[in-house]
Each structure stands twice: as C-alpha cells, then as structure tokens.
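# Geometric and topological summary
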Amino acid sequence: MFRCKLSKPVAAKAFIATMLLSALAGLAGSHIAPQVPLHTVLLYCAIGAATVFIALVITTIAVLTVMQFILRKGGTDTQWLWFSADPPGLVELRQRTTQDAAPTAHEH
C-alpha cells in the first residue's frame, strides 16, 4: 500500500494557500462581473481551486510513482536525462551487476 511521507501540516498549508489565492482571484473576478454576487464568485473560485489542487496532487503522485518504478527496474535516475552522459561510475556499476547476476555452472 502507498504510504505518504508528506506531513499533514505541510499539506494543510498548501491547501490553505491555494484557497487564499483563489479567494484573491475571486475578489478580482468580482470586479470583472459586478452583477454576480461576491459569495457566488468566491464559491466558484473555491471549487475551481480545490479541483486544481486535487489534480496536481494526483499528477504528482502518478509522476513520482512512475519515476520510482523506473529506478526499481534498473533505469537511470530520471534527473540525469537532462545530461548527455550517464552519471560517473554507472557504466561500471551496471557491468558489475550483470557479471554478478550471470548464471554460473554448478558442478554435480
């Protein structure tokens, strides 16, 4: 099962910051559409912000899960894909791993 290492205070702060930014956007949006009541604009902004926040959390979990899968299956660290060569020592480490994993003939 997936265990989240993110602390609850950090998640709460991120959620509160998202809601406050959406309230600020709603306040600015209420000046664009003055006929719409402020509470309606703020409600729409809160719903939109919650939707965006949930989408970002799901996307982050999915991307991190894929990156961990790549690393577990022997892939190169995904951050190194920005560079033109493998990290120092990776080629030797792979060679040693394949030599260690090669089947050996057992004498009977």
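Quick note: structure is the one above.
Report follows, based on the coordinates.

Definitions and cut-offs
- Residues numbered from 1 in each chain as written.
- Predicted model: local features only at pLDDT ≥ 70, side-chain atom pairs only at ≥ 80, totals over all residues.
- Heavy atoms only, no water.
- Axes fitted to C-alpha atoms, helices over the stretch in contact; angles between N-to-C directions.
- Helix = DSSP H or I, 4+ residues; strand = E, 2+ residues; numbered from the N terminus.
- Parallel < 35°, antiparallel > 145°, perpendicular 65-115°, else oblique.
- Left-handed = near helix turned anticlockwise from the far one by under 90°.
- Contact = heavy atoms within 4.5 Å.
- Nonpolar A, V, L, I, M, F, W, Y, C, P; charged D, E, K, R; others polar.
- Phe/Tyr/Trp six-rings, centres within 6.5 Å; stacked < 30°, edge-to-face > 60°.

### Some details on the packing of helix H1 (residues 8–32) against helix H2 (residues 38–72)
Between H1 and H2, the shortest axis-to-axis distance is 8 Å and the interhelical angle comes to 140°. Classified by the angle between their axes, H1 and H2 sit oblique to one another. Regarding H1 and H2, the two cross each other, and that crossing is right-handed. Contacts between H1 and H2 involve Ala11, Ala14, Phe15, Thr18, Met19, Ser22, Ala23, Ala25, Gly26, Leu27, Gly29 and Ser30 on the former and, on the latter, Leu38, Val41, Leu42, Cys45, Ala46, Ala49, Ala50 and Phe53. Grouping the constituent residues of the contact of H1 with H2 by class yields 15 nonpolar, 5 polar and no charged.

### Structural notes on the packing of aromatic side chains
Note on aromatic pairs: each is described by the distance of the centres and the angle between the planes. Going through the model one piece at a time under the given rule, you end up with 1 aromatic pair. Their ring planes at 70° and their centres at 5.3 Å tell us that Phe15 and Phe53 sit as a pair that is edge-to-face. Remark: Phe53 occurs in helix H2 and Phe15 occurs in helix H1; sequence separation between them is 38 residues.

What is shown is where atoms sit, not what they do.
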